[in-house]
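Observations on chain architecture
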Amino acid sequence: MKVGVISDTHDRLPTFRRSLEMFKRMRVGAILHAGDYVAPFAARLLTPEHIGDTPVYAVFGNNDGERAGLKKVLPQLVEGPLRIELAGRLIVMHHFIDWMKPGDYAHADVVITGHTHEIFNEKQPRPGGEQLLLNPGECCGWVNERCSIAILDLADLSAQIVDVRGAPAG
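Residues numbered from 1 in each chain as written. Predicted model: local features only at pLDDT ≥ 70, side-chain atom pairs only at ≥ 80, totals over all residues. Heavy atoms only, no water.

**Things to note about the pattern of salt bridges**
Under the counting rule described, the total for this entry stands at five salt bridges. In this structure, the salt-bridge partner of arginine 67 is glutamate 79, at a minimum N-O distance of 2.2 Å. Placement of the pair is arginine 67 in helix 4 (residues 67-73) and glutamate 79 in the loop between helix 4 and strand 4 (82-86), with a sequence separation of twelve residues. Residue arginine 83 is joined to aspartate 104 by a salt bridge in which the shortest nitrogen-to-oxygen separation is 3.6 Å. Residue arginine 83 is found in strand 4, and its partner aspartate 104 is found in helix 5 (residues 102-105); the two are separated by 21 residues along the sequence. (Salt bridge = Lys/Arg side-chain N within 4 Å of Asp/Glu carboxyl O. Helix = DSSP H or I, 4+ residues; strand = E, 2+ residues; numbered from the N terminus.)

Structure representation (structure tokens):
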């Protein structure tokens, strides 16, 4: 199963739309957003009206100030850490890894975070196998001018970082 991973969209609709169009073309089975939508108007892009029936898993970030409005648009939006099982893999997601205790993710196959706007895609040993630590970087491109997302392949526990800027807006 392939999963679209995105974080730190920060109200930048053009790159957010491009990212979602890329997820659609790549036929991801789910979308995981690691926080910092900022406003409800941006979060609406993750509703069935825009993405169809693709499941969305979402956590709040530190810049999501209008939480009641965001929660109204995305009722599944939660404080992290969020634990999800997809394709037999345990995924733990939170906006910032420093907000978790090691026990929150010790047995996870995949740990997804955002917040730093820096890409991180690395496997490390864990009890019973390997663990993939993944930060897709910033979708918005505001901090480092690189708009990126990740395609997580749960079959082989790998992730591909994809640059968004050159993608056509869908």
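**Quick word on the pairing of strand 10 (residues 158-163)**
Direction of pairing for strand 9 (residues 148-153) relative to strand 10: antiparallel, over a ladder of six bridges. When the bridges of strand 10 are listed, alanine 150 appears paired with isoleucine 161. (Pairing = 2+ DSSP bridges.)

**Describing the sheet that holds strand 10**
Spatial ordering of the open sheet is given by 3-2-1-9-10, a layout of five strands whose pairing is mixed. Edge positions in the open sheet fall to strand 3 (56-58) and strand 10, since each of these has one partner strand only. Going from strand to strand, the sheet's axes swing by 25° on average, the running direction of each strand aside. Where strand 1 (residues 2-6) meets strand 2 (residues 30-33), four bridges bridge the pair, whose relative direction is parallel. Bridging across to strand 2, valine 5 finds its partner in leucine 32. (Axes fitted to C-alpha atoms, helices over the stretch in contact; angles between N-to-C directions.)

**Here's the deal with the packing of aromatic side chains**
Per the counting criterion, the structure on display carries one aromatic pair. On the basis of an interplanar angle of 90° and a centroid distance of 5.8 Å, the ring pair of phenylalanine 96 and tryptophan 99 is categorised as edge-to-face. One cation-aromatic arrangement involves arginine 12 over tryptophan 142; the distance from NZ or CZ to the ring centre is 4.4 Å. Just above the ring of phenylalanine 60 sits the side chain of arginine 67; from NZ or CZ to the centre is 4.3 Å. (Phe/Tyr/Trp six-rings, centres within 6.5 Å; stacked < 30°, edge-to-face > 60°. Lys NZ or Arg CZ within 6 Å of the ring centre and 35° of its normal.)

**Observations regarding the sheet that holds strand 6 (residues 110-112)**
Across the sheet, five strands lie side by side as 4-5-6-8-7; this open sheet has mixed pairing. Each end of this open sheet is capped by a strand with a single partner; those strands are strand 4 and strand 7 (119-126). Between one strand and the next, the sheet's axes are offset by a mean angle of 20°, whatever the strand orientation. As paired strands, strand 7 and strand 8 (residues 129-136) are joined by eight bridges and run antiparallel to one another. Of the residues in strand 8, the one forming a bridge with isoleucine 119 is proline 136.

**Considerations on helix 1 (residues 13-25)**
Helix length check: helix 1 (13 residues) gives 18 Å between terminal C-alpha atoms against 18 Å at 1.5 Å per residue, within 8%. Residues Leu13, Thr15, Phe16, Ser19, Leu20, Met22 and Phe23 constitute the buried set of helix 1. Just beyond helix 1, the residue with positive phi is arginine 27, at close to 55°. (Expected span 1.5 Å × (residues − 1). Buried < 20%, exposed > 50% of the residue type's maximum accessible area, 1.4 Å probe, protein only.)

**So, the environment of isoleucine 151**
Tracing the backbone shows isoleucine 151 in strand 9. With 106 residues separating them in the primary sequence, isoleucine 151 and leucine 45 have C-alpha atoms 18 Å apart. Leaving out residues up to four positions away in the same chain, isoleucine 151 has contacts with Lys2, Val3, Gly4, Phe23, Met26, Val28, Ser158, Ala159, Gln160 and Val162. (Contact = heavy atoms within 4.5 Å.)

**Here's the deal with the environment of glutamine 124**
Counting through the fold element by element, glutamine 124 comes out in strand 7. The sequence separation of glutamine 124 and phenylalanine 23 amounts to 101 residues, and the corresponding C-alpha distance is 26 Å. For glutamine 124, the contacting residues outside a window of four places in its chain are Gly129, Glu130, Gln131 and Leu133.

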